[in-house]
Amino acid sequence: MEKKFYTLLVYSENVAGILNQVTAVFTRRQVNIESLNVSASSLEGIHKYTITCWSTPEEIVKITKQIEKKIDVIRADYYTDDQIFIHEIGLYKISTDVLLQNPEVSRTIRRHDARMMEVNPTYSVVLLAGLTEDITDLYECLNAFDCVLQYTRSGRIAVTRSFEEPISDYIKEQERS
């Protein structure tokens, strides 16, 4: 069965150790997590985990069900890229000397709609927010100029394309029961 790229959105109470329990599900199934982002959600006291991985459809269903069985997990759902809005951030620390000596470097940064965060005599910091492909494309372009000193990108953040956040509907449903 062919693997697809999935994004899991997991909601939990803010409890120490829950991240370890969630990642252990992937470890047991020998599925590599591609990116992981944890933050507060729109609901007070509830954290949102955005996890990406390559998996088969059958395997992602099992992973999601196992995660949802954890005591402190409120809800877990998986999505394909067409079901969610996604975003990442890339930070590039580049050589100021190369930036000033080669005008193509600044043209490349502008072409990618990236922002200069800082410029000093030694290094410059560039920020780009967008899709994974945009972030990695700018990295490859800058790397070709041999100017990249450091590079990092955030984990994916995502919201569903539906009008309601699934966790909100779930909590309302639980309150009625």
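Everything here concerns the structure above.
Just so you know, the residues in each chain are numbered from 1, in the order the chain's sequence is written. Selection of residues for local features in this predicted model requires a pLDDT of at least 70, selection of side-chain atom pairs for listing and counting requires 80 or more, and totals for whole chains, interfaces and linings are taken over all residues. Side-chain measures were taken over the full set of non-hydrogen atoms in the model, leaving aside hydrogen atoms and water.

A. Expanded view of the environment of Arg156. Labels follow the DSSP assignment, with helices taken as runs of H or I lasting at least four residues and strands as runs of E lasting at least two, numbered in each case from the N terminus. Summarising the element assignment, Arg156 is placed in the loop between β8 (148-153) and β9 (157-160). When a residue's accessible area, from a 1.4 Å probe over protein chains only, is under 20% of the maximum for its type it is buried; when over 50% it is exposed; and in between it is partly exposed. For Arg156, a relative accessible area of 3% puts it in the buried group. Put simply, Arg156 and Thr50 are 106 residues apart on the chain and 6.8 Å apart in space, counted from C-alpha to C-alpha. Residue contacts follow a heavy-atom distance rule, with two residues in contact if any of their heavy atoms lie within 4.5 Å. The contact partners of Arg156, leaving out residues within four places of it in the chain, are Phe5, Thr7, Ser35, Asn37, Thr50, Thr52, Asp81, Ile84, Ile86, His87, Glu88 and Thr132. A distance of 2.7 Å separates a polar atom in the side chain of Arg156 from a polar atom in the side chain of Asp81. We call two N or O atoms a polar contact when they sit within 3.5 Å, provided that within protein one can donate a hydrogen and the other can accept it, with sequence-adjacent residues counted only if both atoms are side-chain atoms.

B. Here's a closer look at the packing of helix α1 (residues 18-28) against helix α2 (residues 57-68). To obtain an axis, a line is fitted to C-alpha atoms, over the contacting stretch when the element is a helix, and the angle between two such axes runs from 0 to 180 degrees between their N-to-C directions. At a minimum axis separation of 10 Å, α1 and α2 run at an interaxial angle of 150°. One way to sum up the angle between α1 and α2 is to call them roughly antiparallel. The crossing of α1 and α2 is right-handed. Taken together, the residues of α2 that come into contact with α1 (itself represented by Val22, Val25 and Phe26) are Ile63, Gln66 and Ile67. Here the nonpolar group is Ala, Val, Leu, Ile, Met, Phe, Trp, Tyr, Cys and Pro; Asp, Glu, Lys and Arg are the charged ones; every other residue, Gly included, is treated as polar. When its residues are assigned to classes, the contact of α1 with α2 shows 5 nonpolar, 1 polar and no charged. Here roughly perpendicular refers to angles of 65 to 115 degrees, roughly parallel to angles under 35, roughly antiparallel to angles over 145, and oblique to all remaining angles. Put simply, a crossing is left-handed when the front helix is turned counterclockwise from the back one by less than a right angle, and right-handed when it is turned clockwise.

C. Just the side chain of Thr80, in detail. Summarising the element assignment, Thr80 is placed in the loop between β4 (73-79) and β5 (84-95). A residue is classified by how much of its surface remains accessible, and Thr80, at 16% relative accessible area, is buried. Non-local contacts of Thr80, meaning those with residues more than four positions away in its chain, are made with Lys4, Phe5 and Tyr6.

D. Seen up close, α1. Within α1, the full set of buried residues consists of Ile18, Val22, Thr23, Val25 and Phe26. End-on, the buried residues of α1 take up no more than an arc of 140°, which puts them together on one face. When the buried face of α1 is taken as reference, the exposed residues oriented beyond 90 degrees from it are Asn20, Thr27 and Arg28. Along its buried surface, α1 packs onto β1 (4-13), β2 (33-40), β3 (46-55), α2 and β4. By definition, the arc is the one covered by directions from the helix axis to the C-beta atoms.

E. Representation of the side chain of Thr56 in the model. Structurally, the position occupied by Thr56 is in the loop between β3 and α2. Accessibility expressed as a relative area gives 13% for Thr56, which makes it buried. Here Thr56 is in contact with Met1, Glu2, Lys3 and Tyr6, once residues within four sequence places are set aside.

F. Representation of the sheet that holds β3. At least two bridges found by DSSP between two strands is the condition for calling them paired. The strand order across the open sheet formed by 4 strands is β2-β3-β1-β4, and the pairing between neighbours is antiparallel. Of all strands in the sheet, those with a lone pairing partner are β2 and β4, marking the two edges. Adjacent strand axes in the sheet meet at a mean angle of 15° when their direction is disregarded. Bridge count between β2 and β3: 7 bridges; the pairing is antiparallel. Bridge pairing in β3 links Leu36 to Ile51.

G. Here's a closer look at the packing of aromatic side chains. Ring pairs shown here join Phe, Tyr and Trp side chains whose ring centres sit within 6.5 Å, with only the six-membered ring taken for Trp; geometry is labelled stacked below 30 degrees between planes, edge-to-face above 60, and tilted in between. Taken as a whole and judged by the stated rule, the model has 4 aromatic pairs. For the pair Phe5 and Trp54, a centre-to-centre distance of 5.1 Å together with 55° between the ring planes defines the contact as tilted. Residue Phe5 is located in strand β1, and its partner Trp54 is located in strand β3; the two are separated by 49 residues in the primary sequence. Residue classification places Phe5 among the partly exposed residues on the basis of a relative accessible area of 22%.

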